[in-house]
Amino acid sequence: MEDSGFARTRRTLSASARLLSVLNLDGPLLVGLGLLALYGLAILYSASGQSVDTIVRTVMRLALGTAAMLALTHASPNFLRRLAPWLYLFGVVLLVVVELTGVIGKGAQRWLNLGLFKFQPSEIMKLAVPMLAAWYLHDRPLPPDWGSLGVLAVIIFVPTGLVAIQPDLGTAALIAASGALLVLMAGLAVGMAGAAVLGWNFLHEYQRARVLTFLNPQTDPLGAGYHIIQSQIALGSGGVFGKGWMNGSQAQLEFLPERSTDFIFAVVGEEFGLIGLIGLLALYLFIVARAVWLATQTNDTFSRLLALCVALTFFVYVFINAGMVSGLLPVVGVPLPLVSYGGTSVVTLLAGFGILMGLYSHRKLVGS
């Protein structure tokens, strides 16, 4: 009986491995993403005030993102290279359309109304910018020379500027980071500080106040510093083990702003404590480490740069959100990946991982 049970288990595992291979999926990465999504749904249910509608909407977006991921795992590096310029151009055109006719919400003009749902075109650029930058660098010597750096600067800062004026500082920062990471991986770290200084001049007054207030939130406790103060109270009150699921006073009594979106990390700390935060960060670390390993196994410049950029941009999401919520970074409106409530960002993240797994699966078909 034991031998029969062991044999059945082995056959099941073998069949699962074959299915993953056919679908071009990486088992460990897929398991990590699945666990993170389940963790996120549990936290989101509490943070949203036990809103079933919010959970249903999130599950639908996860399903759509999973479909995009499954489709993109079969995209070859050659196909992605051919797609890159057109996807970038399409995204820039949509950003211009948003500026002219986009839907305004919460003081920002970021969305296109497609009838059944609203679509945020800036999310496309999180993939389009590194794809075009990797396409441009594919057949060029590395590190890039000054001429190539100038072209890369245009590729990065055109969509970044269009998103910043919506205004959406968080998404603009992530688009810039995705391009900057690719340039760094290509071997050049010049000009980043200068870009930061230049970007400061394009910020709105309230965005500059956010950047300055994080140094001392108490200077404006009921204004620009309110978010950080309430977030730090929530994190600190959770202690080591937390107050329990759906028992966080800051979140449940609505003292914590944006608790289901940008500040959901504070809900984790309040309800699950330090242990819960460590568990969540460990899961993120596993996903990033596995993604980086897959990226290093690819064997051409385009694939390696793009795959590494997807993995490290995911890390930047986590780093900025956790730093923002804990008061170590300014509040810039970056969601916690696959945990915060969001629409297009969920699909974009999963699509990026689909591209990464596809590049890994096609590595033997591409010449070095």
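The structure reproduced in this document is the subject of the present report. (Residues numbered from 1 in each chain as written. Predicted model: local features only at pLDDT ≥ 70, side-chain atom pairs only at ≥ 80, totals over all residues. Heavy atoms only, no water.)

### Quick notes on unusual backbone geometry
(1) Moving on: Positioned with a positive phi, asparagine 24 is a non-glycine residue whose angle comes to about 60°.
(2) Moving on: Tracing the backbone shows asparagine 24 in the loop between α1 (2-22) and α2 (27-47).
(3) Moving on: Look at asparagine 24 and you get buried, because its relative accessible area is 15%.
(4) Moving on: Phi is positive for glutamine 50, close to 60°, though the residue is something other than glycine.
(5) Moving on: Here glutamine 50 lies in the loop between α2 and α3 (52-72). (Helix = DSSP H or I, 4+ residues; strand = E, 2+ residues; numbered from the N terminus. Buried < 20%, exposed > 50% of the residue type's maximum accessible area, 1.4 Å probe, protein only.)

### Side note on the nonpolar core
(1) Moving on: Among the nonpolar cores identified, the biggest contains 102 residues, and Leu36, Met125 and Phe353 are the most heavily contacted of them.
(2) Moving on: Top contributing element to this core by residue count: helix α13 (residues 301-325), with 16 residues.
(3) Moving on: Not counting the four nearest positions on each side in its chain, leucine 36 is found in contact with Leu280, Leu283, Tyr284, Ile287, Phe314, Pro337, Leu338 and Val339. (Core = buried A, V, L, I, M, F, W, Y, C linked by side-chain atoms within 4.5 Å. Contact = heavy atoms within 4.5 Å.)

### Some points on the environment of arginine 363
(1) Moving on: Summarising the element assignment, arginine 363 is placed in the segment after α14 (344-361).
(2) Moving on: Between the C-alpha atoms of arginine 363 and asparagine 299, which are 64 residues apart in sequence, the distance is 6.0 Å.
(3) Moving on: In this view, arginine 363 contacts Gln297, Thr298 and Asn299; residues no more than four positions away in its chain are not counted.

### Describing the packing of helix α5 (residues 122-137) against helix α7 (residues 169-185)
(1) Moving on: At their nearest, the axes of α5 and α7 sit 9 Å apart, and the two run at 15° to each other. Relative to α7, the element α5 is oriented roughly parallel. Taken as a pair, α5 and α7 cross one another with a handedness that is right-handed. Across from Ser122, Glu123, Met125, Lys126, Val129, Pro130, Ala133, Ala134 and Leu137 in α5, the residues of α7 making contact are Thr171, Leu174, Ile175, Ser178, Gly179 and Leu182.
(2) Moving on: Considered class by class, the residues forming the contact of α5 with α7 number 9 nonpolar, 4 polar and 2 charged. (Axes fitted to C-alpha atoms, helices over the stretch in contact; angles between N-to-C directions. Parallel < 35°, antiparallel > 145°, perpendicular 65-115°, else oblique. Left-handed = near helix turned anticlockwise from the far one by under 90°. Nonpolar A, V, L, I, M, F, W, Y, C, P; charged D, E, K, R; others polar.)

### Things to note about the pattern of salt bridges
(1) Moving on: Under the definition given, this model contains 5 salt bridges.
(2) Moving on: A salt bridge links aspartate 300 to arginine 81; the shortest N-O distance between them is 3.4 Å. Highlighted residues: aspartate 300 in the loop between α12 (264-296) and α13 and arginine 81 in helix α4 (residues 77-101), separated in sequence by 219 residues. For the pair aspartate 300 and arginine 81, one class covers both residues: buried. (Salt bridge = Lys/Arg side-chain N within 4 Å of Asp/Glu carboxyl O.)

### Observations regarding the environment of glutamine 252
(1) Moving on: In this fold, glutamine 252 is placed in helix α11 (residues 249-252).
(2) Moving on: For the pair formed by glutamine 252 and alanine 47, sequence separation is 205 residues and the distance between their alpha carbons is 7.2 Å.
(3) Moving on: Look past the residues within four positions of glutamine 252 in its chain and what remains in contact with it is Ser46, Gln50, Met246, Asn247 and Glu271.
(4) Moving on: Here glutamine 50 takes part through its side chain, which lies 3.4 Å from a polar atom of the side chain of glutamine 252. (Polar contact = N/O pair within 3.5 Å; in protein donor to acceptor, adjacent residues only side chain to side chain.)

### A word on the side chain of glutamate 270
(1) Moving on: Residue position: glutamate 270 is located in helix α12.
(2) Moving on: A relative accessible area of 0% places glutamate 270 in the buried class.
(3) Moving on: Separated by 2.8 Å, the side chain of glutamate 270 and the backbone nitrogen of glutamine 250 make a polar contact.

### A closer look at the packing of α5 against α14
(1) Moving on: Running from N to C, α5 and α14 cross one another at 25°; their axes reach a closest spacing of 8 Å. Considered as vectors, α5 and α14 are oriented roughly parallel to each other. Contact with α5, carried on its side by Glu123, Lys126, Leu127 and Met131, involves Thr344, Ser345, Thr348, Ala351, Gly352 and Ile355 of α14 and no other residues of that element.

### What to know about a nonpolar patch on the surface
(1) Moving on: Taken together, the side chains of Val240, Phe241, Leu274, Ile275 and Ile278 make up a nonpolar region of the molecular surface, amounting to roughly 510 Å² of accessible area.
(2) Moving on: Among the secondary structure elements, isoleucine 278 is positioned in helix α12. (Patch = residues over 30% accessible without salt bridge, like charges linked within 9 Å, V, L, I, M, F, W, Y side chains within 5 Å. Areas by Shrake-Rupley, 256 points an atom, 1.4 Å probe, with all protein chains shown as cover.)

### Quick notes on the packing of aromatic side chains
(1) Moving on: Going through the model one piece at a time under the given rule, you end up with 6 aromatic pairs.
(2) Moving on: On the numbers, 6.3 Å between centres and 50° between planes, the contact of tyrosine 39 with phenylalanine 272 is tilted. You can see tyrosine 39 sitting in helix α2 and its partner phenylalanine 272 sitting in helix α12, a full 233 residues away along the chain.
(3) Moving on: Linked through ring pairs, Tyr284, Phe314 and Phe353 together constitute an aromatic cluster.
(4) Moving on: A cation sits over an aromatic face here: arginine 81 above phenylalanine 302, 5.6 Å from the ring centre. (Phe/Tyr/Trp six-rings, centres within 6.5 Å; stacked < 30°, edge-to-face > 60°. Lys NZ or Arg CZ within 6 Å of the ring centre and 35° of its normal.)

### Observations regarding α2
(1) Moving on: When the terminal C-alpha atoms of α2 are compared, their 30 Å separation across 21 residues agrees well with the 30 Å that a helix rising 1.5 Å per residue should span.
(2) Moving on: Those residues of α2 not exposed but buried are Gly27, Leu29, Gly32, Leu33, Leu36, Ala37, Gly40, Leu41, Ile43, Leu44, Ser46 and Ala47.
(3) Moving on: The distance from a side-chain oxygen at the start of α2 to the backbone nitrogen of leucine 29 is 3.0 Å, and the residue carrying that oxygen is aspartate 26. (Expected span 1.5 Å × (residues − 1).)

### Here we look at the environment of threonine 171
(1) Moving on: Mapping threonine 171 onto the fold places it in helix α7.
(2) Moving on: The exposure class of threonine 171 is buried, given its relative accessible area of 7%.
(3) Moving on: With 164 residues separating them along the chain, threonine 171 and proline 335 place their C-alpha atoms 9.4 Å apart.
(4) Moving on: Setting aside chain neighbours within four positions, we find threonine 171 in contact with Gln120, Ser122, Glu123, Lys126 and Val163.

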